[in-house]
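If you want the building blocks of each chain, they are given just below.
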Amino acid sequence: MNDGCLLSRDIARYSYLNNALVLTTDSDFIFYNLPGVIFINGYKGGPLYITRRHLLMKHLNIQEFQLYYFVVLNGNDFLKRQAINTESGKKFLPPPQLLEEIKTHCATKQDCEKHFKEHTNQELREIYEKVASLYASNQVDL
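A brief report on the enclosed structure follows.

Rules behind the numbers
- Residues numbered from 1 in each chain as written.
- Predicted model: local features only at pLDDT ≥ 70, side-chain atom pairs only at ≥ 80, totals over all residues.
- Heavy atoms only, no water.
- Helix = DSSP H or I, 4+ residues; strand = E, 2+ residues; numbered from the N terminus.
- Buried < 20%, exposed > 50% of the residue type's maximum accessible area, 1.4 Å probe, protein only.
- Contact = heavy atoms within 4.5 Å.
- Areas by Shrake-Rupley, 256 points an atom, 1.4 Å probe, with all protein chains shown as cover.
- Pairing = 2+ DSSP bridges.
- Salt bridge = Lys/Arg side-chain N within 4 Å of Asp/Glu carboxyl O.
- Arc of directions from axis to C-beta.
- Polar contact = N/O pair within 3.5 Å; in protein donor to acceptor, adjacent residues only side chain to side chain.

**A few points about the overall build of the protein**
Here's step 1: Scanning the protein for helices and strands turns up six helices and five strands.
Here's step 2: Counting over 142 residues, the protein shows a buried share of 44%.
Here's step 3: Put simply, 48% of the contacts in the protein that link residues at least 6 apart link residues at least 24 apart.
Here's step 4: Here the protein has roughly 8400 Å² of accessible surface; of this, 52% comes from carbon and sulfur atoms.

So this is what it looks like as structure tokens:
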């Protein structure tokens, strides 16, 4: 993990332990299990978005393992975005389409592993575990 990722983890730990919200422009904080995240739109004078991970998952109608799989495929501060093999060739799917792909083909973590292997020609387990260990709620426990 890079230094930015470690700093994010420290901020997440502080937020969790102090029951504090995080005010940020970094969308990665939305994936931590925090008391809440206030996401500032980069546009000057844009709206503030306040959310918690479980509300995001409820809104998207996905489970935690599917959220991590989305992060793996969509990329973040320490992972490159993954192109998916489709019928019309290898493509980077936009987030809404990627979420639909995950909901359709990944009912279980094992389904996600199979889908990842078939559609990216890479092994998921190590990458997935890295993402899960970063964003899991127990990563901020004492």
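Let's pick the thread back up.
**Considering the pairing of strand 2 (residues 37-40)**
Here's step 1: As paired elements, strand 1 (residues 22-24) and strand 2 share three bridges and run parallel to each other. Looking at the pairing, V22 lines up with V37 of strand 2.

**Regarding the pattern of salt bridges**
Here's step 1: Across all of its chains, the model carries three salt bridges by this definition.
Here's step 2: The partner of R13 in a salt bridge is D10, and the shortest N-O contact between them spans 3.7 Å. Taken together, the residues span about one helical turn, with R13 and D10 both in helix 1 (residues 3-17) at a distance of three residues.
Here's step 3: The partly exposed category is assigned to R13, whose relative accessible area is 28%.
Here's step 4: We classify D10 as partly exposed; its relative accessible area is 45%.

**Regarding helix 4 (residues 95-105)**
Here's step 1: For helix 4, the full list of buried residues reads L98, L99, E101 and I102. Each buried residue of helix 4 sits inside an arc of 160 degrees when the element is viewed along its axis, so together they form one side. Residues of helix 4 that are exposed and angled more than 90 degrees away from the buried face: P96 and T104.
Here's step 2: Lining the buried residues of helix 4 we find helix 2 (53-60), helix 3 (64-74), strand 4 (84-86) and helix 5 (109-120).

**Regarding the side chain of R53**
Here's step 1: Along the chain, the position of R53 falls in helix 2.
Here's step 2: R53 sits in the buried class, given a relative accessible area of 4%.
Here's step 3: In this structure the side chain of R53 is engaged in a polar contact, spanning 3.2 Å, whose partner is the backbone oxygen of F31.

**Brief notes about unusual backbone geometry**
Here's step 1: Here N19, not a glycine, exhibits a phi torsion of approximately 50 degrees, which is positive.
Here's step 2: For N19, the location among the structural elements is in the loop between helix 1 and strand 1.
Here's step 3: You will see that N61, though not glycine, has its phi angle at about 60 degrees, which is positive.

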